[in-house]
Amino acid sequence: MTPLLQVDGLSKFYGQRIGCADVSFDLYPGEVMGIVGESGSGKSTLLNCLAGHLPPDAGRVMFDTRAEGMRDTVTMSEPERRMLGRTDWAFVHQHARDGLRMNVSAGGNVGERLMAVGARHYGDIRSQAIDWLGRVEIAEDRIDDRPRQFSGGMQQRLQIARNLVTGPRLVFMDEPTGGLDVSVQARLLDLLRGLVREMGLSAIIVTHDLAVVRLLADRLMVMKDGHVVETGLTDQVLDDPQHAYSQLLVSSVLQV
Amino acid sequence: MTDYNFAYLDEQTKRMIRRAILKGLAIPGYQVPFASREMPMPYGWGTGGVQVSAAVMTADDVFKVIDQGADDTTNAVSIRRFFERTAGVETTEATGDATVIQTRHRIPEEPLNDDQILVYQVPIPEPLRFLEPSEVETRKMHALEDYGLMHVKLYEDISAHGAISTAYAYPVEVEGRYVMDPSPIPKFDNPKLTMSAIQLFGAGREQRIYALPPYTRVVSLDFEDYPFEASKAEHACALCGATDSYLDELIVDDAGTRMFMCSDTDYCQSRRAAGHVGAQGTPVKEDAA
Ligand SMILES: Nc1ncnc2c1ncn2[C@@H]1O[C@H](COP(=O)(O)OP(=O)(O)OP(=O)(O)O)[C@@H](O)[C@H]1O
Ligand SMILES: [Mg+2]
Ligand SMILES: [Zn+2]
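None of the values given here were measured: they were computed from a predicted structure.

**Q** I tried to follow the coordination of the zinc ion (ligand 3) on my own but got confused; where do I start?
**A** Put simply, the ideal angle at a metal is 109.5 degrees for four donors in tetrahedral geometry and 90 or 180 degrees for six donors in octahedral geometry. All of the protein donors around the zinc ion (ligand 3) are B:Cys237 (SG), B:Cys240 (SG), B:Cys262 (SG) and B:Cys268 (SG); their distances to the metal are 2.2 to 2.3 Å. Classification of B:Cys268 as buried rests on a relative accessible area of 6%.

**Q** So what exactly am I meant to see when it comes to the sheet that holds strand E9 (residues 208-212) of chain B here?
**A** Where strands meet in a sheet, backbone hydrogen bonds hold them as pairs that are either parallel or antiparallel. Residue and element names in this part refer to chain B. Taken in spatial order, the seven strands line up as E1-E9-E8-E5-E4-E2-E3 in an open sheet, and their pairing is mixed. Each edge of the sheet is formed by a strand with only one pairing partner; in this case those strands are strand E1 (32-33) and strand E3 (90-91). Where strand E2 (residues 62-67) and strand E4 (residues 100-104) come together, five bridges link them in parallel fashion. Looking across to E4, one finds that lysine 64 is bridged to isoleucine 101.

**Q** Explain the domain arrangement of chain B here, please?
**A** Interfaces are frequently sized by the accessible area removed from exposure as the parts join. Residues and elements named next belong to chain B. Its domain assignment divides chain B into domain 1 (11-216) and domain 2 (247-288). Its C-alpha centre places domain 1 at a distance of 28 Å from the equivalent point of domain 2. In this assembly, 12 residues from domain 1 lie in contact with six residues from domain 2. Taken as a group, Gly69, Arg106 and Glu109 account for 45% of the area that domain 1 buries against domain 2, more than any other trio of residues on that side. Between the two partners, domain 1 and domain 2, sit zero salt bridges. The interface formed by domain 1 and domain 2 holds five residue pairs in polar contact (both at pLDDT 80 or more) in total. Looking at the side of domain 1 that touches domain 2 residue by residue, the classes come out as three nonpolar, three polar and six charged.

What counts and how
- Within any chain, residue numbers begin from 1 and follow the written order of that chain's sequence.
- Here chains are named by letter from A upward and ligands by number from 1 upward, in the order in which they appear as written.
- Selection of residues for local features in this predicted model requires a pLDDT of at least 70, selection of side-chain atom pairs for listing and counting requires 80 or more, and totals for whole chains, interfaces and linings are taken over all residues.
- Calculated side-chain values reflect all of the structure's heavy atoms, with hydrogen atoms and water omitted.
- Coordinating donors are taken to be N, O and S atoms lying within 2.8 Å of the metal, or within 3.2 Å when the metal is Na, K or Ca; because water is excluded from the atom set, some sites may appear incomplete.
- Burial classification: accessible surface area is computed with a 1.4 Å probe over protein chains only, and a residue below 20% of its type maximum counts as buried, one above 50% as exposed, and the rest as partly exposed.
- Strand pairing is assigned whenever DSSP detects at least two bridges linking the two strands.
- Strands here mean DSSP runs of E at least two residues long; helices mean DSSP runs of H or I at least four residues long; both are numbered from the N terminus.
- Where each domain begins and ends follows an automated or database-derived domain assignment.
- Whether two residues are in contact is decided by their heavy atoms: any pair within 4.5 Å suffices.
- As used here, buried area is the combined drop in accessible area, with a 1.4 Å probe, of two parts when they are placed together.
- Salt bridges, as used here, are contacts in which a Lys or Arg side-chain nitrogen is within 4 Å of a carboxyl oxygen on Asp or Glu.
- Polar contacts here mean pairs of N or O atoms no more than 3.5 Å apart (in protein, one a potential hydrogen donor and the other a potential acceptor; neighbouring residues in sequence count only if both atoms are side-chain atoms).
- Residues were grouped as follows: Ala, Val, Leu, Ile, Met, Phe, Trp, Tyr, Cys and Pro as nonpolar; Asp, Glu, Lys and Arg as charged; and all remaining residues, including Gly, as polar.

Okay, structure coming up:
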């Protein structure tokens, strides 16, 4: 099987400071990878480089495009990258306000990606929006409400619907459950797990929360100071961490 | 009038504006930045249009100004006087006689020809502005033809009002490429945007010029199941009886009696002079014209 994503020697610097350094890994279709590590370890930097939001300073990010097979998304043109960003890729932000249009209705938020790729039938767009609101457990009669009128958990579910409506193949998530209270987190995780399985999505999930990783991720990558210090199957890394830092991370969480 | 350079602006400024106009004509619908000059009138009074008119005007031109279709509003009269004084050009109210027409919010009813230039005053040139406040982002969207958001606006319109309620400044796609704000003309005028004359758009405060060369293909954005309609009030002009012109609605007395008449005053006048009489019109006497 060819990987969906092949990352090779990816580095990003902020002046003298390391954002992330020399990151390499493969992600296979249908695989979910978790990225954990302390604050400032470079998780978001890496994710944003992978998703084309930040230009890396070195390295390649090969993606298996539908039309032309493996392409380096770092060197492809901005229009091509943007097209991927609204078709095959999805990005779920930690803060819903970064991933939603707060002054556009829920239906408009979900419909935007459809319209961006050429949907021009209002009735179709609306019924797809209704369908997706249903799949993320938002009642149909909220379709014309703005996200401001939604709770934090609902906003996050709306963001997920908005992203998945075009049937992406790779979803990037940066702390999708961060800032939500525990019971809301649990419900969102359940929903995400269902969608990932049902749609056969590949995903890269950045999180602080090892419970999220255990529930969603097949594989795990541990970062420290911009470097990947350990990768492996999730259960392996969590149950038998090899690197001293991973051991510390796992033990500190398990004690909580 | 010798106190001023011809048409007020100095030659260097006019050259700079002409370069922006030429670039605009070369890339139809693309907003070209230009260094807008202080004009002896406040922003919002057509300083963008005035600068464009000044840059294209020659001594032989015949100049007409309309404000919402009318030649006789304060704004139209003062811009006309401005060029009479600073350029010494002939002015007219007759659409067919004019070579340069500056307009606010309307396209004349009488079809323009390829010897004419229509100059629009534009308050906000960016059609994506109300959805995306960042100029950096909107420029990127234009550059990358990333226009999904424009249809989001129309979607929101339909979901809130059951129809596309945008009645003015209705967004258009130019030659299959740039999405453009046609300035606050009523959407009734949108089909006329494909025409024989050169159309130039000037936004003074926002420092942008854009253009449509003759016969440019201009399409109003819509949905398959909610197609664009160039609607107008379902009446005939009370004065000249026209059924094909854009109508203004006027309250004519304290009882709230309403009357519909052509917003294009020259069109209405010409029709009446040619003998057309509306339901509440009076025949025009020969000597009154
Ligand atoms: N825009 C920036 N300019 C300068 N330095 C930055 C910038 N963004 C991140 N950094 C630095 O890069 C390093 C990695 O930051 P990053 O945000 O990727 O970490 P993170 O693992 O996502 O942290 P957190 O868990 O707090 O979100 C940190 O040292 C951070 O201070
Ligand atoms: Mg982060
Ligand atoms: Zn009339």
